[in-house]
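Chain by chain, the residues run as shown.
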Amino acid sequence: MHRVPARGEEDERRTTPEASLPSGSRSPLPIFIFPPALDFYADDQASHKQVLTLYNPFPRVLRYKVLSTAPLRYTVVDAEGLVKPNSCIDIVTRHRDIRARHYGSTDKFRVEVWEEGGGRGVGGRKDIPATLHPTRPQSRERVTSESPKWHPPSHVFSVRHGRGVPRPLSPGLFGLYILVGLVSLVVLMLPLHGDPRSFLHENLHVSVVQKLVAAYVLGTNLIIQSLQSLLCL
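Throughout what follows, the structure given in this document is the object of discussion.

Definitions and limits used
- Residues numbered from 1 in each chain as written.
- Predicted model: local features only at pLDDT ≥ 70, side-chain atom pairs only at ≥ 80, totals over all residues.
- Heavy atoms only, no water.
- Helix = DSSP H or I, 4+ residues; strand = E, 2+ residues; numbered from the N terminus.
- Buried < 20%, exposed > 50% of the residue type's maximum accessible area, 1.4 Å probe, protein only.
- Contact = heavy atoms within 4.5 Å.
- Areas by Shrake-Rupley, 256 points an atom, 1.4 Å probe, with all protein chains shown as cover.
- Pairing = 2+ DSSP bridges.
- 1 Å grid on protein atoms, 1.4 Å probe; cavity = no way out; pocket = protein on both sides within 12 Å on 5 of 7 lines; lining within 4 Å.
- Points joined across faces, edges and corners; volume = space filled by probe spheres on them.
- Nonpolar A, V, L, I, M, F, W, Y, C, P; charged D, E, K, R; others polar.
- Phe/Tyr/Trp six-rings, centres within 6.5 Å; stacked < 30°, edge-to-face > 60°.
- Salt bridge = Lys/Arg side-chain N within 4 Å of Asp/Glu carboxyl O.

Along its length, the protein carries three helices and ten strands. The order of helices and strands in the protein, counted from the N terminus, is β-β-β-β-β-β-β-β-β-β-α-α-α. By the burial criterion, 31% of the 233 residues in the protein qualify as buried. Relative to all contacts within the protein whose residues are 6 or more apart in sequence, the contacts with residues 24 or more apart total 63%. Counting every atom, the protein has about 15600 Å² of accessible surface; 59% of that belongs to carbon and sulfur.

Now for the pairing of strand β5 (residues 62–68). For β5, a buried count of six out of seven residues is recorded, marking the element as mostly surrounded by other parts of the structure. Sheet analysis places β5 next to strand β7 (residues 80–83), joined by four bridges and oriented antiparallel. Counted as the bridge partner of K65 is E80 from β7. Of the strand pairs in this sheet, β5 and strand β9 (residues 106–115) are connected by seven bridges, and their pairing is antiparallel. Looking across to β9, one finds that K65 is bridged to E112.

Moving on, we get to empty space enclosed by the protein. Taken as a whole, this structure holds two cavities of 30 Å³ or more when the rule is applied. In this structure, the largest cavity occupies an estimated 50 Å³ of space. Those elements that provide at least two residues to the lining of the largest cavity are β4 (49–56) and β5. At three residues, β5 tops the list of elements feeding residues into the lining of the largest cavity. A class-by-class count of the residues in the lining of the largest cavity yields ten nonpolar, no polar and one charged.

Enumeration over the complete set of coordinates arrives at three aromatic pairs. Look at F40 and Y74: their rings are 6.0 Å apart centre to centre, the planes differ by 50°, and that puts the pair in the tilted class. Of this pair, F40 sits in strand β3 (residues 38–41) while Y74 sits in strand β6 (residues 74–76); the two residues are 34 residues apart in sequence, bridging distant segments of the chain. Taken as a pair, F40 and Y74 share a single burial class, namely buried. Through successive ring pairs, a cluster of aromatic residues spans F40, Y74 and F109.

So, on to the environment of V187. Along the chain, V187 falls in helix α2 (residues 171–189). Along the backbone, V187 and S207 are 20 residues apart, and their C-alpha atoms lie at a distance of 9.7 Å. If sequence neighbours within four positions are ignored, V187 has contacts with V206, Q210, K211 and A214.

In summary, the side chains of a regular strand alternate between the two faces of the sheet. As judged from the eight bridges shared by β4 and strand β8 (residues 87–95), these two strands associate in the antiparallel manner. Bridge pairing in β8 links K49 to R94. Pairing of β6 with β8, which is carried by three bridges, proceeds in the antiparallel orientation. When the bridges of β8 are listed, T75 appears paired with R94.

Okay, the pattern of salt bridges next. Evaluation of the coordinates by the stated rule reveals seven salt bridges. Note that E115 is salt-bridged to R60, the shortest N-O span being 3.3 Å. Taken together, the residues E115 in strand β9 and R60 in the loop between β4 and β5 connect sequence positions 55 residues apart. Residue E115 is classed as partly exposed on the basis of its relative accessible area, which comes to 41%. Among the ionic pairs, E80 bridges to K65, the shortest N-O distance being 2.8 Å. Pair noted here: E80 is in strand β7 and K65 is in strand β5, with a separation of 15 residues, a long-range link. In this structure E80 comes out as partly exposed when scored by relative accessible area, which is 24%. A relative accessible area of 8% places K65 in the buried class.

What follows is the structure in structure tokens.
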């Protein structure tokens, strides 16, 4: 394995090889770094630049160093430095060799962290896999946006746009509405039971309940007729 050396006179420089690193990846000092993996896409130039964010939640200064198993393929900005207490730092990585021969290959960045003033052996380390993909997969958002739009069922109509306007009532049904309305109107005009001023036979007298029913039927009939007239306009 190889390391990414410290930044020199330039802000960015190609990594150079170093002696192999210890094989262990377990860390006595917990390392908080995001994302846990890097994905580069050959057809997306924006993805050729990735950022690793290293967090220091501890009340002491930490020193870090970034190493790589393929130093000639990557450029790393601020490959080593300090992280202040309760702070974070962004480590920029760039893929330099976007060729088909590397599609699907996975390299590793190793981030080593130790307390300032202490030795690297008492710190911690964490490996970050980095994979080069030929193409970026389609995102769910794009698939959702391209899905067919919902259309209302054919029986749903719009009066404002003049689509699906209902047909007028048939003559037979219209006549039934008229008959029911007339009967209800006659019932409302009949006298109540026990009315001494009425000249009609008492068999033609109606009760209060019958008048209420007739008023309800007449009102419902008028509402239906009004709605039907409006919808047919």
